[in-house]
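Remarks on the overall topology
The chain contents come next:
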Amino acid sequence: MKNSVITRITGTGSCLPEQIVTNEDLSKVVDTSDEWISSRTGIRERHLAKDETTASMAAEAGMRAMQDAGIGAEEVDLLIVGTITGDYVTPSTSCEVQEILGAVNAVAFDINAACAGFMFALHTAHAYLQSGIYKTALVLGAETLSKIMDWKDRSTCVLFGDGAGAAVVRAFEKGKAEDKAAGGILAFEQGSDGRKGKVLSCLGRRNNNPLIENPFIPSYVSMNGQEVYKFAVNTVPASIQKVLELAGLETGDIKYFVLHQANIRILQAVAKRLKADMEKFPVSLDHCGNISAASVPILLDEMNRKGMLEKGDKIVMSGFGGGLTWASAVLEW
Ligand code: UT7
């Protein structure tokens, strides 16, 4: 079965919470300013959840992706959510989404790879589809990061937002007359470095049994921004070069680099190292902030809805972040 299958994205969707919070709004909560946030990061506003949950946003994004792909929920046989902010420890966000959507024939599970979560989920779906085990996957990235922020820590809380993005990924048999049986996902590369996990972390629930003396203290995201910055500007260009090599392509062949949206300066540094024009790096962080696993699929959906993607376009997608984790893919639209 291997190599006789093409896997391609046939639909995208996204969902952002209704509430928009500007840099100016945040300057009333912590000691910061629009000038500092926008000049250091490129972020101007973000959507923060009120009533929305990780699963409700994921389900909405998933429904829009299925509509775009023209499929029904019962056709989905694999449902994977990349998230670090599920509503429950169990059930998984993917099982919640399965229930909301009525994706009764799907096997559903979550992946924790922080800001690379959607890309790890996409690679997992790609491998399952390539092997012939499943035919139709709904792949999502969804986060309610606002609930794990320390809203007194200006060095982190101004950076993040909430939302969800989704893609339908389907398997097509190579060589069939169908026009979708060409192109698709051409190459993948991913990696992890657990030795540097502490540079971006959020402690989980601690042991709270009655025999333990220390009380449970809730923990929030803590980050060594400069270390993460250095990791991103070194690892991402190398990962992209590697995936381009695997696909037998060069930077100049790529129409868009759809990168995780953490900081405009990271995008600029990656563009410079790849010797690529910044116009090839679409941006959503200005109005979304950093939405971890959701940022790549949200950006992809925005591009798709704006008609920026044409059949045959070659694009690179890349996610990177906590773990540390990173993953890049080349695909032909
Ligand atoms: O999704 C992947 C995870 N995240 C990332 O990729 C983030 C990568 N890192 C970054 O984007 C940048 O390192 C940050 C945007 C987080 C920080 O930018 P920076 O240029 O590295 O600033 P810094 O941490 O060196 O802080 C500079 C100054 C400090 O003040 P002093 O010590 O120079 O007086 C901070 O206290 O800016 C201060 N500062 C702020 N001032 C106003 C930090 N946060 C704020 C703030 N408003 N929100």
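It should be noted that the structure appears before, not after, this text.
This structure is a prediction, so every number in the text was calculated from the model and none was measured.

Thresholds applied
Residues numbered from 1 in each chain as written. Predicted model: local features only at pLDDT ≥ 70, side-chain atom pairs only at ≥ 80, totals over all residues. Heavy atoms only, no water. Near = heavy atom within 4 Å. Polar contact = N/O pair within 3.5 Å; in protein donor to acceptor, adjacent residues only side chain to side chain. Areas by Shrake-Rupley, 256 points an atom, 1.4 Å probe, with all protein chains shown as cover. 1 Å grid on protein atoms, 1.4 Å probe; cavity = no way out; pocket = protein on both sides within 12 Å on 5 of 7 lines; lining within 4 Å. Sits in = over half its atoms within 2 Å of the grid points. Axes fitted to C-alpha atoms, helices over the stretch in contact; angles between N-to-C directions. Helix = DSSP H or I, 4+ residues; strand = E, 2+ residues; numbered from the N terminus. Parallel < 35°, antiparallel > 145°, perpendicular 65-115°, else oblique. Left-handed = near helix turned anticlockwise from the far one by under 90°. Contact = heavy atoms within 4.5 Å. Nonpolar A, V, L, I, M, F, W, Y, C, P; charged D, E, K, R; others polar. Buried < 20%, exposed > 50% of the residue type's maximum accessible area, 1.4 Å probe, protein only. Arc of directions from axis to C-beta. Pairing = 2+ DSSP bridges.

The next thing to look at is the site of the ligand. Lining the immediate surroundings of the ligand are 22 residues, of which T32, Q226, H260, N263 and N290 lie closest. Between Q226 and the ligand, the recorded distance is 2.6 Å, taken from a side-chain N or O atom to an oxygen atom. Between H260 and the ligand, the recorded distance is 2.7 Å, taken from a side-chain N or O atom to an oxygen atom. Contact with the protein chains covers 73% of the free accessible surface of the ligand, which is 950 Å². Here the ligand is seated within the second largest pocket.

Below, the discussion takes up the packing of helix α3 (residues 54-69) against helix α4 (residues 93-101). Remark: α3 packs on α4, axes separated minimally by 9 Å, with the N-to-C direction vectors making an angle of 55°. By the criterion of interaxial angle, the relationship of α3 to α4 is oblique. In this structure, α3 meets α4 at a crossing whose hand is right-handed. For the pair α3 and α4, contact is made by T54, A55, A58, A59, M63 and M66 and by T93, E96, V97, I100 and L101, respectively. Tallied by class, the residues present in the contact of α3 with α4 amount to eight nonpolar, two polar and one charged.

Turning next to helix α2 (residues 34-41). The α-helix winds at 3.6 residues per turn, so residues separated by three or four positions along the chain end up facing the same way. I37, S38 and T41 are the residues of α2 that are buried. All buried residues of α2 project into a common sector of 100° when viewed along the axis, lining one side. The secondary structure elements touched by the buried residues of α2 are α1 (23-26), β3 (45-47), α8 (264-274) and α9 (285-288).

Turning our attention to the sheet that holds strand β8 (residues 184-192). One open sheet holds the four strands; their spatial order is β8-β13-β12-β11, and the pairing between them is mixed. Across the chains shown, the open sheet's two edge strands, defined by having one partner strand only, are β8 and β11 (256-259). This sheet shows a mean twist of 15° between the axes of neighbouring strands, independent of strand direction. Of the strand pairs in this sheet, β8 and strand β13 (residues 325-332) are connected by eight bridges, and their pairing is antiparallel.

The strand order β1-β7-β6-β4-β5 describes an open sheet built from five strands, whose pairing is mixed. Lying at the two open borders of the sheet, with one neighbouring strand each, are β1 (5-15) and β5 (107-111). For this sheet, the mean angle separating the axes of adjacent strands, direction not counted, is 20°. In the sheet, strand β4 (residues 78-82) pairs with β5 via five bridges, with the strands oriented parallel. Considered in β5, the bridge of L78 is made with V107. Across the sheet, helix α5 (residues 117-131) lies against β1, β4, β5, β6 (136-144) and β7 (162-173), angled at about 165° from β6, the strand it touches most.

Mapped onto the secondary structure, V30 falls in the loop between α1 and α2. Given a relative accessible area of 9%, V30 falls into the buried group. For the pair formed by V30 and S155, sequence separation is 125 residues and the distance between their alpha carbons is 9.7 Å. Each residue touching V30, except ones within four places of it in the same chain, is listed here: W151, K152, R154, C157 and V158.

These values are about where atoms sit, not about what they do.
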